[in-house]
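Examination of the molecular architecture
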Amino acid sequence: MAVIRPEKAAKVAELKEIFSSAKCVVLVDFCGLTVAQDTDLRRKMREAGVAYEVNKNTLIRIAAEQAGVEGLAAILEKNTAVASSAEDAVAVAKVICEFAKTNKQLVVKAGVLDGKVISADEVKALASLPSKEVLIAKMLGSMNAPISGFVNVLQGTIRNVVYALDAVRKAKESA
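An account of the accompanying structure is given in this report. On a predicted model such as this, the values are computed, not experimentally measured, just so you know.

Comments concerning the overall build of the protein chain
Secondary structure assignment for the protein chain yields 6 helices and 5 strands. Across the protein chain, helices and strands are ordered from the amino to the carboxyl terminus as α-β-α-β-α-β-α-β-β-α-α. By the compact-globule yardstick of 16 Å for 175 residues, the protein chain is too spread out, its C-alpha radius of gyration being 28 Å. Principal-axis analysis of the C-alpha atoms places the extent of the protein chain at approximately 105 × 35 × 25 Å. In the protein chain, which comprises 175 residues, the proportion classed as buried is 33%. Of the contacts made within the protein chain by residues no fewer than 6 positions apart, 80% connect residues no fewer than 24 positions apart. Accessible area of the protein chain: about 10,800 Å², with a carbon and sulfur share of 60%. Taking the average place of the 24 positive charges on the side chains of the protein chain and the average place of its 20 negative ones, the gap between the two points comes to 4 Å.

Regarding a nonpolar patch on the surface
A cluster of nonpolar side chains, I136, M139, L140 and M143, forms an exposed patch at the surface whose accessible area comes to about 390 Å². Secondary-structure assignment places M143 in helix 6 (residues 132-174).

Re the state of the cysteines
One pass over the full model with this rule turns up 0 disulfides. No disulfide involves C31; its sulfur sits 19 Å from the nearest other cysteine sulfur, which is in C97. For C97, which is in no disulfide, the shortest distance to another cysteine sulfur is to C24 and amounts to 9.6 Å. By relative accessible area, C97 is classed as buried at 11%.

Overview of the nonpolar core
One finds V26, V28, M45, Y52, I96 and L106 to be the most contacted residues of the largest nonpolar core, which totals 28 residues. Looking at this core, the elements that each hand over two or more residues are strand 1 (24-29), helix 2 (35-48), strand 3 (81-85), helix 4 (89-102) and helix 5 (120-127). Residue contributions to this core peak at 10 residues, all from helix 4. With residues near it in sequence (within four places) discarded, I96 still touches V26, V28, M45, A83, L106 and V108. Listed in part, the 18 residues of the second largest apolar core include V12, I60, A63 and V69.

Remarks on the pattern of salt bridges
Going through the model one piece at a time under the given rule, you end up with 11 salt bridges. Between R43 and D40 there is a salt bridge, with its nearest N and O atoms 2.4 Å apart. In this pair, R43 and D40 both sit in helix 2, 3 residues apart, roughly one turn of the helix. Judged by relative accessible area, which is 23%, D40 ranks as partly exposed. K170 is paired through a salt bridge with D166; the nearest N and O atoms lie 3.7 Å apart. In this pair, K170 and D166 both sit in helix 6, 4 residues apart, roughly one turn of the helix.

Section: unusual backbone geometry
In terms of backbone geometry, most residues other than glycine have negative phi values and most peptide bonds are trans. Its identity is not glycine, yet K78 carries a phi of approximately 55°, on the positive side. With respect to the helices, strands and loops of the structure, K78 is situated in the loop between helix 3 (57-67) and strand 3.

Description of helix 3
The complete set of buried residues in helix 3 reads N57, L59, I60, I62, A63 and A64. For helix 3, the elements touching its buried residues are helix 1 (6-21) and strand 3. A positive backbone phi angle near 85° is found at G68, which sits one or two residues after helix 3.

Description of the pairing of strand 5 (residues 116-119)
Across 4 bridges, the pairing between strand 4 (residues 107-113) and strand 5 is antiparallel. Its bridge partner being in strand 5, A110 is matched across the sheet by S119. Turn length for the strand 4-strand 5 hairpin, with the two strands adjacent in sequence and antiparallel, is 2 residues, and the turn residue D114 shows positive phi of about 50°.

Parameters at a glance
Residues numbered from 1 in each chain as written. Predicted model: local features only at pLDDT ≥ 70, side-chain atom pairs only at ≥ 80, totals over all residues. Heavy atoms only, no water. Helix = DSSP H or I, 4+ residues; strand = E, 2+ residues; numbered from the N terminus. Rg over C-alpha atoms; globule rule 2.2 N^0.38 Å. Buried < 20%, exposed > 50% of the residue type's maximum accessible area, 1.4 Å probe, protein only. Contact = heavy atoms within 4.5 Å. Areas by Shrake-Rupley, 256 points an atom, 1.4 Å probe, with all protein chains shown as cover. Lys, Arg positive; Asp, Glu negative; His and termini not counted. Charge placed at Lys NZ, Arg CZ, Asp CG, Glu CD. Patch = residues over 30% accessible without salt bridge, like charges linked within 9 Å, V, L, I, M, F, W, Y side chains within 5 Å. Salt bridge = Lys/Arg side-chain N within 4 Å of Asp/Glu carboxyl O. Disulfide = S-S within 2.5 Å. Core = buried A, V, L, I, M, F, W, Y, C linked by side-chain atoms within 4.5 Å. Pairing = 2+ DSSP bridges.

Okay, structure coming up:
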């Protein structure tokens, strides 16, 4: 293992904590972004509650190894920025992929989801998932559907009894 200077050890420890505790980490190549584009990306990251910072590849590699994340060394070339979220795994991927659609200079290198390295395509697939609120609403709707159907069946029986009584009443009135 490489010897780390004391001034760099704090940064490695911070990166190790990110890799260990974050639900999702996305590594991107930001080469070619203008200052205005980078500022816009950082603003969108803050709004989504995502941490975003540029780090040296060597420090990222050492921190990832210390955190037990294997397989990142191959993609750590050129410029690398680390985007992470301890709250929502999908938020990181969504912000990065949405921004990359309009800014082709931003390239997704890879991601780390729950301690496992995922490819750029898997990060894009993660970004296409619906939000947590939408998934919860769909699940609750699915749970509510059988109950609603059961209530309608019970109401149908009661409705038929009322129709039968109404028909008997009309028959007695006409007789």
